[in-house]
Amino acid sequence: MKKILIILSLLMTFVLGCAKTVKTFEINAEPGTKVPNFELKDFSAAKTQVRKIFNNGKPTLFIVAAEWCPDCHAELPDVQKFYEENKDNVNVVVVFTNKRSSLAKAKKYVEESKFTFPVYYDFDGSILKGFKVTEVPTNVKINKSVIEDVQKGTMKIDGLNKMFAK
């Protein structure tokens, strides 16, 4: 009986040790907060570690958006202009949420809008949850993995330029 219990214990330890763990995070998205490393996935599910983006010497405009959101429809053309004018000096990262949406819908919206800024998809809702996003669009300025500014709601090109002039 002892041998069976020991074998079962070892087996359970092995199974749990081999189980795929999902790294999650949760932060208060406010100025001064350090952003932990996490994975972004593009529309093809290719992974990128955010530390590569956030720590490349340029500040980052990090946006959580949705293709169904009228405010995002108003903002994202200005984000495209901002990206075109500032891509050498500012990283732009737009993450489309999976809430009330699908990858196919987000992909179609980006293609039809002819956006060229880097886009990602929140396949499992972890980014929405991790940043505690309550409304889209949410715009976050991140510099060296530290949040410097957070703006909720639609931002136009002037507001984006002002955010990064600081």
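No experiment lies behind these values; they were computed from the predicted model shown.

Visitor: I tried to follow helix α3 (residues 70-86) on my own but got confused; where do I start?
Guide: One full turn of an α-helix is made of 3.6 residues, so residues set three or four places apart face in the same direction. The terminal C-alpha atoms of α3, which comprises 17 residues, lie 25 Å apart, in line with the 24 Å expected from a rise of 1.5 Å per residue. Taken residue by residue, α3 has Cys-72, Glu-75, Leu-76, Asp-78, Val-79, Gln-80, Phe-82, Tyr-83 and Asn-86 as its buried positions. Along its buried surface, α3 packs onto β3 (60-65), β4 (91-97), α4 (103-113), β6 (138-143) and α6 (157-165).

Visitor: Would you explain the pattern of salt bridges in this entry?
Guide: Two side chains of opposite charge can pair, provided their charged atoms sit close to one another. Per the stated rule, a full pass over the model turns up 4 salt bridges. The partner of Glu-112 in a salt bridge is Lys-108, and the shortest N-O contact between them spans 3.9 Å. Placement of both Glu-112 and Lys-108 in helix α4 is noted, with a separation of 4 residues, approximately one turn of the helix. On the basis of relative accessible area, Glu-112 is assigned to the exposed category, the value being 56%. In this structure, Lys-141 and Glu-148 form a salt bridge, with 3.2 Å as the shortest nitrogen-oxygen distance. The exposure class of Lys-141 is buried, given its relative accessible area of 4%. Under the relative-accessibility criterion, Glu-148 is labelled partly exposed at 37%. Among the ionic contacts, a cluster of salt bridges with common partners joins Asp-78, Lys-81 and Lys-156.

Visitor: Looking at this model, I keep getting lost on α6. Mind explaining?
Guide: Along α6, the residues classified as buried are Ile-157, Leu-160, Met-163 and Phe-164. Taken down its axis, α6 places every buried residue within 125° of arc, on the same side. For α6, the exposed residues set more than 90 degrees away from the buried face come down to Asp-158, Lys-162 and Ala-165. Packing partners of the buried residues in α6 comprise β3, α3, β6 and β7 (146-152).

Visitor: Please clarify how the nonpolar core should be interpreted in this entry.
Guide: Nonpolar side chains tend to gather and get buried jointly when the protein is soluble and globular. In terms of nonpolar packing, the biggest core is built from 49 residues, with Phe-38, Leu-40, Phe-62, Leu-76, Val-94, Phe-96 and Phe-131 touching the most fellow members. Those residues within four positions of Leu-76 in sequence are excluded, and the remaining contacts are Ala-65, Val-94, Phe-96, Tyr-109, Phe-115 and Phe-117.

Conventions and cut-offs
- Residues numbered from 1 in each chain as written.
- Predicted model: local features only at pLDDT ≥ 70, side-chain atom pairs only at ≥ 80, totals over all residues.
- Heavy atoms only, no water.
- Helix = DSSP H or I, 4+ residues; strand = E, 2+ residues; numbered from the N terminus.
- Expected span 1.5 Å × (residues − 1).
- Buried < 20%, exposed > 50% of the residue type's maximum accessible area, 1.4 Å probe, protein only.
- Contact = heavy atoms within 4.5 Å.
- Salt bridge = Lys/Arg side-chain N within 4 Å of Asp/Glu carboxyl O.
- Arc of directions from axis to C-beta.
- Core = buried A, V, L, I, M, F, W, Y, C linked by side-chain atoms within 4.5 Å.

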